[in-house]
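This is what each chain is made of:
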Amino acid sequence: MPYPFRAVAVCRRAWVTALGLSLCAGASAQTELVIATVNNGHMIEMQKLGKHFEQAHPDIRLKWVTLEEGVLRQRVTTDIATKGGQFDVMTIGMYETPIWGKKGWLQALKTDAAYDADDLLPAIRQGLSVDGKLFAAPFYGESSMLMYRKDLADKVGVQVPERPTWPQIKDLAAKIHDPKNGVYGICLRGKPGWGDNMAFLSTLVNTFGGQWFDMQWKPQLQSKPWQEAIHFYVDLLKHHGPPGSSANSFNEILALTNSGKCGIWIDATIAASFVSDARQSKVAGQMAFAQAPTMHTPKGANWLWSWNLAIPAGSRKVDAAQKFITWSTSKDYVQLVAKTNGWANVPTGTRRSTYANAEFQKAARFAAAEKMAIDSANPTDATLPQSPYIGVQFAAIAEFQAIGIAVGQQMSAALAGKSTVEAALKASQTLAEREMKKAGYYR
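Residues numbered from 1 in each chain as written. Predicted model: local features only at pLDDT ≥ 70, side-chain atom pairs only at ≥ 80, totals over all residues. Heavy atoms only, no water.

Chemist: Would you explain the overall build of the protein in this entry?
Modeler: Helix and strand counts for the protein come out as 19 helices and 9 strands. In terms of overall size, the protein behaves like a compact globule, its C-alpha atoms giving a radius of gyration of 24 Å where 443 residues would be expected to give roughly 22 Å. If you line up the protein on its principal axes, its C-alpha atoms span 85 × 55 × 35 Å. Looking at the 443 residues of the protein, the share that counts as buried comes to 55%. Across the protein, the fraction of contacts at a sequence separation of at least 24, relative to all contacts at a separation of at least 6, is 74%. Carbon and sulfur atoms make up 51% of the accessible area of the protein, which amounts to about 19400 Å² in all. Across the protein, the 47 positively charged side chains and the 37 negatively charged ones have centroids separated by 3 Å. (Helix = DSSP H or I, 4+ residues; strand = E, 2+ residues; numbered from the N terminus. Rg over C-alpha atoms; globule rule 2.2 N^0.38 Å. Buried < 20%, exposed > 50% of the residue type's maximum accessible area, 1.4 Å probe, protein only. Contact = heavy atoms within 4.5 Å. Areas by Shrake-Rupley, 256 points an atom, 1.4 Å probe, with all protein chains shown as cover. Lys, Arg positive; Asp, Glu negative; His and termini not counted. Charge placed at Lys NZ, Arg CZ, Asp CG, Glu CD.)

This is the structure in structure tokens:
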């Protein structure tokens, strides 16, 4: 008879002996996994469904630390850099994963045939791997896509192609812009932040033929593609966007779109499920989906992101953490969410099998466009000129956060009319050069 069952029998017979007490203690001992995660809908649902994992693994107890995105980043970064050991499983992004993997801060994940790592979408798997080793498992993933009011496009006689150009989008925005009746031609992110306006603007610069750094790691923020892209962006929102665009990011534009005030929106594919949900959106039936616009090149035109679960290096609970990550990012977990909440609410952007499921396709009419967007994003080849960094809407180096935040502030100021585009890009170039030189990339 296995040890735990014998111990339970001993406890039930209440053998009050030193041996009996020892066995009873062994029977009740559990491994506690402390999981740091972000407070979004998919992760909140994972916590609710965690009871299924605990039932299947009675020797493991889950303890959740749920934080806002900014606080989460700060807490897990500090903990892993200082080897604090507060967390056994961390929710991290595609930005952190390759950086921390290279530094040896993460445990390489081990997957078996049942997990089927080959079922992971190639772009997502590649973005979470270093030298072929997977260092985080994707919980849900996203790219960016075009979402637009088909009723408004039809009204002005415009048929939007599967992958339009930016001049075509500008032309449509001009035709449907009707602020007197509460409709703005186009809504785009303007709120400063490396994950806010710079997530979108990096993809815009990419498709205009630009990059963050050249092969010598020198910032390229005053290059012709950056100049063209930012002028185009500022002019587009000035003439065909809502007032106060410099304060808008995902949540603000989602509210505008769901209330019928945005004719066109280019943003995260995850938004498609919200804007097409009649319970949330006044224009759900009118929303249509296509690929993010291109300009001089399709490279890097749409971003790539995922929220992922990872194990800190040096963890003393690797086996238990591996079991939880395997469960929560598996095909079976997707099926569990579908059974519990319906196929429209499953975490997307991670597995081929999800998109191949007929029930999911029926529930998510944006599914084909979303998968095409994710598949087309390549974090190792996202710019027309060759670049030394991995990442589409970011450069996977530790210095990028500070640079991205500072540049985002400059771009937001240009959009708000507090600075010229030229002055904002000059200031951005100066601060980026200072950070890169300080970090020792070049003299």
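Alright, that's what it looks like, and here's the rest.
Chemist: Help me understand the nonpolar core in this model?
Modeler: Proteins that are soluble and globular tend to have nonpolar side chains buried together. Residues W166, I186, W212, I264 and F324 are the most contacted members of the largest nonpolar core, which totals 144 residues. Here this core takes 8 residues from helix 10 (residues 224–240), the largest share from any one element. (Core = buried A, V, L, I, M, F, W, Y, C linked by side-chain atoms within 4.5 Å.)

Chemist: Explanation requested: the state of the cysteines in the structure shown.
Modeler: Formally, a disulfide is one covalent bond, and it connects the sulfur atom of one cysteine to the sulfur atom of another. Evaluated as defined, the whole model comprises 1 disulfide. Across the disulfide, C187 is cross-linked to C262 (sulfur-sulfur distance 2.0 Å). Residues C187 and C262 are joined through a disulfide that is left-handed, its torsion about the S-S bond being -85°. Of the two residues, C187 is situated in the loop between helix 8 (166–176) and helix 9 (197–207) and C262 in the loop between helix 11 (250–258) and strand 7 (264–268); the sequence distance between them amounts to 75 residues. Owing to a relative accessible area of 1%, C262 belongs among the buried residues under this scheme. (Disulfide = S-S within 2.5 Å.)

Chemist: Whenever I open this one, empty space enclosed by the protein confuses me. Can you help?
Modeler: Over the atoms rolls a probe the size of a water molecule, and in doing so it shows where empty space is left. Throughout the structure, instances matching the rule amount to 3 cavities of 30 Å³ or more. There is about 40 Å³ of room inside the largest cavity. Taken together, P138, F139, S328, T329, S330, Y333, V334, P347, T350 and R351 make up the full set of residues lining the largest cavity. Broken down by secondary-structure element, the contributors of at least two residues to the lining of the largest cavity are strand 6 (137–149) and helix 14 (331–341). Here the second largest cavity is characterised by a volume of approximately 30 Å³. Looking at the lining of the second largest cavity, the elements with two or more residues in it are helix 4 (69–82), strand 3 (89–93) and helix 5 (96–103). (1 Å grid on protein atoms, 1.4 Å probe; cavity = no way out; pocket = protein on both sides within 12 Å on 5 of 7 lines; lining within 4 Å. Points joined across faces, edges and corners; volume = space filled by probe spheres on them.)

Chemist: Help me out: how do you make sense of the pairing of strand 7 in this one?
Modeler: Within a regular strand, side chains alternate between the sheet's two faces. The buried fraction of strand 7 amounts to 5 of the 5 residues, a majority that puts the element mostly inside the structure. Pairing of strand 6 with strand 7 involves 5 bridges; the strand directions are antiparallel. Considered in strand 7, the bridge of S144 is made with A268. (Pairing = 2+ DSSP bridges.)

Chemist: Just checking my understanding: could you explain the pattern of salt bridges for this structure?
Modeler: A side chain with one charge can pair with a side chain of the opposite charge if their charged atoms come near. Going through the model one piece at a time under the given rule, you end up with 18 salt bridges. Residue E32 pairs with R61 through a salt bridge whose shortest N-O separation is 2.2 Å. Taken together, the residues span a long stretch of sequence, with E32 in strand 1 (residues 31–38) and R61 in strand 2 (residues 60–67) at a distance of 29 residues. R73 serves as the salt-bridge partner of E69, at 2.7 Å between the closest nitrogen and oxygen. Pair noted here: E69 and R73 are both in helix 4, with a separation of 4 residues, about one helical turn. Residue classification places E69 among the partly exposed residues on the basis of a relative accessible area of 38%. Salt bridges here are not isolated pairs; linked through shared partners, they connect E69, R73 and E96. (Salt bridge = Lys/Arg side-chain N within 4 Å of Asp/Glu carboxyl O.)

In short, the description is geometric, and any link to function would need to be established separately.
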